[in-house]
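# Remarks on the overall topology
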Amino acid sequence: MDDAEAEAAIDLHMHSIASDGTDSIQELLENVRSGGIRTFSLTDHDTIDGVMEMESIVPKDMTFIRGIEFSCITAAGKCHILGYGYDKDALAFRDILQLGKEKRRDKLRRRFEFLSENFGIEIPEAEREMLFSKNSVGKPHLGNLLVSMGLAENKDAAMEKYINPCKTGSDRLPVGDVIRAILTAGGIPVWAHPYGGTGERVLSQEEFEQQLHILLEAGVRGLECFYSEYNADQVASLVGTARGNGLLISGGSDYHGANKKVALGTLNAYGGLVTEDEITVLKKVNTFKSYPHQV
């Protein structure tokens, strides 16, 4: 294996069409495999539908880890919590999934009302039902629909003009409830892109430390230290913080297919090699290697 292949051997943060990615599950698996990745996790927003489908087709020579990404809120502000290796049937976990689904659908209803009242845009009933049928509906889905209706040139323009001005309140979940649900399900809760994700404002050190304190108190078990947009200094600082607080280390690209310009297996912004030994969450996570089609 050459350096390029070694760098792309693992990716624990990616999205599919089950949430706000553009790859179908089959397409995502093919792209993961062609990218030289052998250990991976699917972390769709607030849904495990894609995970369940992926488990039914992933081959024996690849290690798949159940994942999810929850949109959360704390007293310090917004954050995202990744959950790895959970028991999908744990009651607390199913309950938090259902709550997240209800919150997203309620927000979608308010966005429909906003479009009607402020722009005179009426979403056809068939398209409404299609969006409501999704377990993890968000701004990109509605933005793409507005593009298909000829109201904007692209998804980003549609969101900027028609969706972002709509102040619907938060659909985020309390971080304590999310972390407890993941732990109760035997999973590992990890703070995703702690300095901020793609397109988000970078947290100051003071803001980072305030949020970290809250998450530690809530029971977080890991940090996503390796992330596609983080430079060497940021990675080193996060790794030091994780080790200093006894936290596990994770890493991922945050791949969204055509919805985000990042390649699978990209675990930093400087092209550095990341080995599986550095991703210590792998030593603790349940991998559920006996998938239904492999038994």
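Our structure's up above, just so we're on the same page.
This write-up is about the structure you can find in this document. Source: prediction; values computed, not measured.

Right, let's talk about the packing of aromatic side chains for a bit. Inspection of every chain in the model, using the stated rule, returns nine aromatic pairs. Where Tyr195 meets Phe208, the ring centres are 5.0 Å apart and the plane angle is 45°; that geometry is what we call tilted. Within this pair, whereas Tyr195 is found in the loop between strand E6 (188-191) and helix H9 (205-218), its partner Phe208 is found in helix H9, the two being separated by 13 residues in sequence. Phe208 carries the same exposure label as Tyr195, and that label is buried. Over the ring of Phe112 we find Arg128, and its NZ or CZ is 4.5 Å from the ring centre.

Moving on, we come to the pattern of salt bridges. In the structure shown here, the tally under the stated rule is nine salt bridges. The residue Arg33 makes a salt bridge to Asp61 at a minimum N-O spacing of 2.6 Å. Taken together, the residues Arg33 in helix H2 (residues 25-34) and Asp61 in the loop between helix H3 (49-55) and strand E3 (63-74) connect sequence positions 28 residues apart.

What follows is about H2. Here H2 has its buried residues at Ile25, Leu28, Leu29 and Val32. Each buried residue of H2 sits inside an arc of 100° when the element is viewed along its axis, so together they form one side. Looking at the buried positions of H2, the neighbouring elements they touch are strand E2 (39-42) and H3.

Cut-offs applied
- Sequence order as written defines residue numbering, which begins from 1 separately in each chain.
- With the structure being a predicted model, the display of local features is reserved for residues of pLDDT at least 70 and the display and counting of side-chain atom pairs for 80 or more, all residues being used for whole-chain, interface and lining totals.
- Side-chain metrics rest on all non-hydrogen atoms present in the structure, leaving aside hydrogens and water.
- Here the aromatic set is Phe, Tyr and Trp, taking the six-membered ring for Trp, and pairing holds for ring centres within 6.5 Å; pairs whose planes are under 30 degrees apart are stacked, those over 60 apart are edge-to-face, and all others are tilted.
- Labels follow the DSSP assignment, with helices taken as runs of H or I lasting at least four residues and strands as runs of E lasting at least two, numbered in each case from the N terminus.
- Residue burial is assigned from relative accessible area. The probe radius is 1.4 Å, only protein chains are included, and a residue is buried under 20% of its type maximum, exposed over 50%, and partly exposed in between.
- In this analysis the charged atom, NZ for Lys or CZ for Arg, is taken to sit over a ring once it is within 6 Å of the ring centre and within 35 degrees of the ring normal.
- We define a salt bridge as a contact between a side-chain nitrogen of Lys or Arg and a carboxyl oxygen of Asp or Glu at a distance within 4 Å.
- Arc definition: directions from the helix axis to the C-beta atoms.
- By definition, residues are in contact when any of their heavy atoms lie within 4.5 Å.

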